Amino acid sequence: MSEYYRLNTQAVEDLVTADESNSPPVSAAELRKYRSGPRVTMADWAKALLIKCWFAGAVCFFFLWGLGIYVTDYWDQLLILGVALGIVTDLLTNNLFRFYAKTPGANDRWMMFPQKKFIALFLNVLYAFLVLACVVMTYQAVNALLVAITGARDTVPLGVGPILFGVFVTAWDQLFITMKRMLIKIFRDARKRG
């Protein structure tokens, strides 16, 4: 019975003192077998677009559809939706980008206001109103086009739903972020030359 519980002290010592200098090389394929995490990986841009689309759709679902019964005035709905979209962007979406960034600041390119300051909350709310205005105009343009094609004047062919709302918000947001990044690059290039 005592042989069964005999501890191999040399093996324990080898494990405790193991480091890169005294360990045999291990292939990357072998290390991947023991690594935790998702087996299916997504590109960073796909994660960013999916996160933005999901949170914008959730804002539509909870605030437009959820409060639509109680808040019937169109302008009040837009006010609530704009404030909610800005707050969710600042407190949830941007913090999620910061959380899963591989290095600090790596996901700043997906945020309009990447600074983690209190003023960013107000800037994100104002920016959400700009994006929301563009989304409303997109819905109006698509509906006007569909009415012109079908001739059905008394209907709204394309209603507001969370998925399409999320897609429109994400598309306009990415357009504005791309424009911001291009302007910053133009000014930096001009400063270097001047």
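This one's a predicted model, so the numbers in the text were calculated from it and none came from an experiment. (Residues numbered from 1 in each chain as written. Predicted model: local features only at pLDDT ≥ 70, side-chain atom pairs only at ≥ 80, totals over all residues. Heavy atoms only, no water.)

A. View of a nonpolar patch on the surface. A cluster of nonpolar residues, Phe61, Phe62, Phe63, Trp65, Leu67, Ile69 and Tyr70, forms a patch on the protein surface that exposes about 800 Å² of accessible area. Looking at the element boundaries, Phe63 is found in helix α3 (residues 44-67). Looking at Phe63, the relative accessible area reads 33%, which means it is partly exposed. (Patch = residues over 30% accessible without salt bridge, like charges linked within 9 Å, V, L, I, M, F, W, Y side chains within 5 Å. Areas by Shrake-Rupley, 256 points an atom, 1.4 Å probe, with all protein chains shown as cover. Salt bridge = Lys/Arg side-chain N within 4 Å of Asp/Glu carboxyl O. Helix = DSSP H or I, 4+ residues; strand = E, 2+ residues; numbered from the N terminus. Buried < 20%, exposed > 50% of the residue type's maximum accessible area, 1.4 Å probe, protein only.)

B. The arrangement of the packing of α3 against helix α4 (residues 74-99) in detail. The N-to-C vectors of α3 and α4 enclose an angle of 145 degrees; their axes lie 9 Å apart at closest approach. As for the relative orientation of α3 and α4, their crossing is right-handed in sense. Contact residues: Ala48, Ile51, Lys52, Phe55, Ala56, Val59, Cys60, Phe63, Leu64 and Leu67 in α3; Gln77, Ile80, Leu81, Ala84, Leu85, Val88, Leu92, Thr93, Leu96 and Phe97 in α4. Taken together, the residues of the contact of α3 with α4 sort by class into 17 nonpolar, two polar and one charged. (Axes fitted to C-alpha atoms, helices over the stretch in contact; angles between N-to-C directions. Left-handed = near helix turned anticlockwise from the far one by under 90°. Contact = heavy atoms within 4.5 Å. Nonpolar A, V, L, I, M, F, W, Y, C, P; charged D, E, K, R; others polar.)

C. Spotlight on the pattern of salt bridges. Within the structure shown, the criterion is met by two salt bridges. Across the pair Asp44 and Lys102 runs a salt bridge whose closest N-O atoms are separated by 3.5 Å. Of this pair, Asp44 sits in helix α3 while Lys102 sits in the loop between α4 and α5 (118-150), and the two are 58 residues apart along the sequence. Overall, Asp44 belongs to the partly exposed group, its relative accessible area being 24%.

D. View of empty space enclosed by the protein. As enumerated under the stated definition, the model contains two cavities of 30 Å³ or more in all. In this model, the largest cavity occupies a volume close to 190 Å³. The wall of the largest cavity is formed by 18 residues, among which Lys52, Leu85, Thr89, Val169 and Asp173 lie closest to the centre. Those elements that provide at least two residues to the lining of the largest cavity are α3, α4, α5 and α6 (162-193). (1 Å grid on protein atoms, 1.4 Å probe; cavity = no way out; pocket = protein on both sides within 12 Å on 5 of 7 lines; lining within 4 Å. Points joined across faces, edges and corners; volume = space filled by probe spheres on them.)

E. Local environment of the side chain of Thr93. As for its position among the elements, Thr93 is in helix α4. The residues contacting Thr93, other than those within four sequence positions of it, are Ile51, Lys52, Phe55 and Val88.

F. Region of the structure containing the state of the cysteines. Tallied over the entire structure, the rule returns zero disulfides. Cys53 supplies the cysteine sulfur nearest to Cys60, a cysteine that is in no disulfide, at a spacing of 11 Å. The class for Cys60 is buried, based on a relative accessible area of 0%. Summary of cysteine pairing: Cys134 is not part of a disulfide, and the nearest cysteine sulfur, belonging to Cys53, is at 17 Å. (Disulfide = S-S within 2.5 Å.)

G. Highlighting the nonpolar core. Phe97, Tyr127, Val135, Phe165 and Val169 are the most contacted members of the largest nonpolar core, which totals 32 residues. Of all the secondary-structure elements, those providing two or more residues to this core are α3, α4, α5 and α6. Ranked by residue count, the leading element in this core is α5, at nine residues. The residues touching Val169, leaving out its near neighbours within four places in the chain, are Ala56, Leu85, Val131 and Val135. (Core = buried A, V, L, I, M, F, W, Y, C linked by side-chain atoms within 4.5 Å.)

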